[in-house]
Number of protein chains: 2
Amino acid sequence: MAGTLFVVGLGPGREDLLTGEARSALLTSDLICGYTTYLRLIPELISGKETYTTPMRGEMERCRHALEQAAAGRTVSLICSGDPGVYGMASPVLTLSPEYPDVEIVVVPGVTAALSGAAVLGAPLGNDFCVISLSDLLTPWETIARRLKAAALGDFSTVLYNPASKKRRDHLERACQILLENGKSPVTCCGWVRNIGREGQEHGLCTLEELKDLEADMFTTVFIGSSDTENIGGHLVTPRGYRNEENRRIQRDHRGEKTGL
Amino acid sequence: MAGTLFVVGLGPGREDLLTGEARSALLTSDLICGYTTYLRLIPELISGKETYTTPMRGEMERCRHALEQAAAGRTVSLICSGDPGVYGMASPVLTLSPEYPDVEIVVVPGVTAALSGAAVLGAPLGNDFCVISLSDLLTPWETIARRLKAAALGDFSTVLYNPASKKRRDHLERACQILLENGKSPVTCCGWVRNIGREGQEHGLCTLEELKDLEADMFTTVFIGSSDTENIGGHLVTPRGYRNEENRRIQRDHRGEKTGL
């Protein structure tokens, strides 16, 4: 009889940021598969268990191994940082799944960097938002550019994953340029968080104009506000809306505007 | 000395879907504030604690009460379903926070319906996506319509929160119409989940054309695929990209296409 494959999101990587469901999945598994670095984040939960690790680019190999072991009747967890559904392993596993029809696949959600990073900065995603990866390893840059343009036209709060890597140093600057050319103001309130929930966590606020020069790396998540996003006492906050009278009054009070109503 | 206000995301609402950090925040709090229905979801965690509940529309009152009690030196948790930063209480609390400068505010992220619903359906958010609420209580419909148009132009996977309520029965149909008018195909793969992680959870897949007629309610979260999203064995899956050779091969195999490469 075939077994179960849990595709588990660890969240930012600290053990207390996992959900109870993720914790249970790991504890009931016979085999834990994952990228080496992620396994090191949860030593207590996987202590004494068989593990299968591959380096960063060995993702399809890891998916196949996890599916094969589950097909052989084992209970397997394949782990991802953040949420497995957001640029994670749920999509490649499900793409391969028709070859392993008897394996039960359970996607266990986790707190993705858009949410954990937003919590560090305040509430930049308090209204509609979009999430775009600047990595062109799997998506052509033209598609990324088209989405950045749409994000600007829709005045979304926007989260950028993978803003830079050693080989792609200028992607963030190019992304900011596209946003500016499509109507985002250079003084749009922005922020960034590095090493979310891990040792050495850092964050900062800046304008979109300043963001162009941020030295981002692959552990940085970037937040670009909508036109409503404000810096309120050092927190990046997107209000949920303006039609509520109390909200309007508070906004005015904080801006020091005269109340005409 | 002023106390701490935790703004806590419960995730979908089942106790095992909370993070450890959310659980700790609740356990260390003297006072738990929240919408009545949400408090009922976590009876064990708040057992024996003082609670302050207001009905759905009393949100600003709840924020003020939580801030005032924290200012008086108490440890307070203000709870939200999902993530407090996504259409939740983090934004209104931080908007009021300059009036309570000594209160330490900690936003504790949770698994929002975009992630928990995606996990039920498969991996619809495997590449870039956006999240749009169809509620026009706080956001004018023109802004919502503009964002739907941008979502279509950017070919994002799109999650719709608050697709309908008793007073807004036709919002989902209008949203689908805007997407169709702006380039989304009527056969775009879509899905929906109702009562995520709670009793009576249901889900289904459909096309964008069919989605127009879905009887959604305020407990339904709707997923609209990008042009790459597929129904793979009953799972809604957005591939992470097409430039990877193995991905390409798998896609072709599943479609039964001839391999020309």
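Presented here is an overview of the structure given in this document.

1. Quick notes on the overall build of chain A
Part 1: Of regular secondary structure, chain A possesses nine helices and 13 strands.
Part 2: The dimensions of chain A, computed from C-alpha atoms along their principal axes, are 70 × 40 × 35 Å.
Part 3: Taking all 261 residues of chain A together, the buried fraction comes to 61%.
Part 4: Within chain A, counting contacts between residues at least 6 apart in sequence, those at least 24 apart form 69% of the total.
Part 5: Just so you have it, chain A exposes about 10300 Å², and 48% of that area is on carbon and sulfur atoms.
Part 6: The averaged location of the 33 negative side-chain charges in chain A is 3 Å from the averaged location of its 27 positive side-chain charges.

2. Regarding the interface of chain A and chain B
Part 1: Contacts between the two partners involve 74 residues from chain A, matched on the other side by 73 residues from chain B.
Part 2: For the chain A and chain B pair, buried surface summed over both sides reaches about 6300 Å², with 58% attributable to carbon and sulfur atoms.
Part 3: Interface area lost by chain A to chain B is led by Leu138, Arg147 and Arg240 of chain A, which between them contribute 13%.
Part 4: Where chain A packs against chain B, one counts four salt bridges.
Part 5: Ionic pairing is found between Arg240 of chain A and Glu59 of chain B, a salt bridge with its closest N-O pair at 2.3 Å.
Part 6: Joining chain A to chain B, the criterion identifies 32 residue pairs in polar contact (both at pLDDT 80 or more).
Part 7: Tallied by class, the residues present in the side of chain A that touches chain B amount to 34 nonpolar, 24 polar and 16 charged.
Part 8: With three bridges joining them, strand E7 (residues 129-133) of chain A and strand E7 (residues 129-133) of chain B adopt antiparallel strand pairing. The partner of Val131 of chain A across the bridge, within E7 of chain B, is Phe129 of chain B.

3. Some details on the nonpolar core
Part 1: Among the nonpolar cores identified, the biggest contains 56 residues, and Leu211 of chain A together with Leu211 of chain B are the most heavily contacted of them.
Part 2: Each residue touching Leu211 of chain B, except ones within four places of it in the same chain, is listed here: Leu172, Cys176, Cys190, Cys206, Val222 and Ile224 of chain B.
Part 3: Counting residues in hydrophobic clusters, the runner-up holds 36 residues, among them Val86 of chain A together with Val86, Phe129 and Val159 of chain B.

4. Quick look at a negative patch on the surface
Residues and elements named next belong to chain A.
Part 1: On the surface, Glu173, Glu210, Asp213 and Glu215 cluster together to form a negatively charged patch.
Part 2: Mapped onto the elements of the fold, Asp213 is located in the loop between helix H8 (208-211) and strand E11 (220-224).
Part 3: Looking at Asp213, the relative accessible area reads 61%, which means it is exposed.

5. Observations concerning unusual backbone geometry
Part 1: Phi at Tyr87 of chain A takes a positive value of approximately 55 degrees, unusual for a residue other than glycine.
Part 2: Overall, Tyr87 of chain A belongs to the buried group, its relative accessible area being 16%.

6. Considerations on the relation of the copies chain A and chain B
The second copy of the chain is related to the first by a rotation about an axis and a shift along the axis.
Part 1: Superposition of chain A onto chain B requires a rotation of 180 degrees combined with a translation of 0.0 Å along the rotation axis, giving an RMSD of 0.0 Å. Both chain copies can therefore be described as sitting about a two-fold axis.
Part 2: Interface overlap between copies: 99% of the residues of chain A at the interface are likewise at the interface in chain B, consistent with a symmetric, same-surface contact.

7. Quick notes on the pattern of salt bridges
Part 1: Taken as a whole, this structure holds 20 salt bridges over all chains when the rule is applied.
Part 2: The partner of Arg74 of chain A in a salt bridge is Glu50 of chain A, with the nearest N and O atoms 2.8 Å apart. Highlighted residues: Arg74 of chain A in the loop between helix H3 (59-71) and strand E4 (76-80) and Glu50 of chain A in strand E3 (residues 50-54), separated in sequence by 24 residues.
Part 3: Residue Glu50 of chain A is classed as partly exposed on the basis of its relative accessible area, which comes to 41%.
Part 4: Linking Asp16 of chain B and Arg14 of chain B is a salt bridge whose minimum nitrogen-to-oxygen distance equals 2.9 Å.
Part 5: Residue classification places Asp16 of chain B among the partly exposed residues on the basis of a relative accessible area of 28%.
Part 6: Sharing partners across several salt bridges, the network here consists of Arg194, Glu202 and Asp217 of chain A.

Conventions used here
Per chain, residue numbering runs from 1 following the sequence as it is written. Working convention: letters from A go to chains and numbers from 1 go to ligands, in the order in which they are written. Note on the predicted model: pLDDT of at least 70 is required for a residue's local features to be given, and 80 or more for side-chain atom pairs to be given and counted; whole-chain, interface and lining totals, by contrast, use all residues. Hydrogens and waters are ignored; side-chain quantities use all the structure's heavy atoms. Where helices and strands are cited, they refer to DSSP runs of H or I of at least four residues and of E of at least two residues respectively, numbered from the N terminus. Relative accessibility under 20% of the residue-type maximum defines a buried residue, over 50% an exposed one, and the middle range a partly exposed one, all with a 1.4 Å probe and only protein chains included. Should any heavy atoms of two residues lie within 4.5 Å, those residues are considered in contact. Computed with a 1.4 Å probe, the accessible areas rest on the Shrake-Rupley method; for each residue, only the protein chains presented here act as cover. Only four residue types enter the charge count, namely Lys and Arg as positive and Asp and Glu as negative; His and the chain termini do not. Note that the charge is assigned to NZ on lysines, CZ on arginines, CG on aspartates and CD on glutamates. Simply put, the buried area is the total loss of 1.4 Å probe accessible area from both parts when two parts are fitted together. Salt-bridge detection follows one rule: a side-chain nitrogen of Lys or Arg within 4 Å of a carboxyl oxygen of Asp or Glu. For this analysis, a polar contact is any N or O atom pair within 3.5 Å, provided that within protein one partner can donate a hydrogen and the other can accept it, and provided that sequence-adjacent residues contribute only side-chain to side-chain pairs. Ten residues, namely Ala, Val, Leu, Ile, Met, Phe, Trp, Tyr, Cys and Pro, are considered nonpolar, four, namely Asp, Glu, Lys and Arg, are considered charged, and the remaining ones, Gly among them, are considered polar. Pairing between strands requires that DSSP locate at least two bridges from one strand to the other. Put simply, a nonpolar core is a bunch of buried Ala, Val, Leu, Ile, Met, Phe, Trp, Tyr and Cys residues held in one set by side-chain atoms that sit within 4.5 Å of each other. Exposure above 30% relative accessible area and no salt bridge define the residues that can form patches, which grow by joining like charges within 9 Å and nonpolar side chains of Val, Leu, Ile, Met, Phe, Trp and Tyr within 5 Å. A residue counts toward the fit only if its pLDDT is at least 70 in both copies, and the copies are then superposed by least squares on the C-alpha atoms of those residues.

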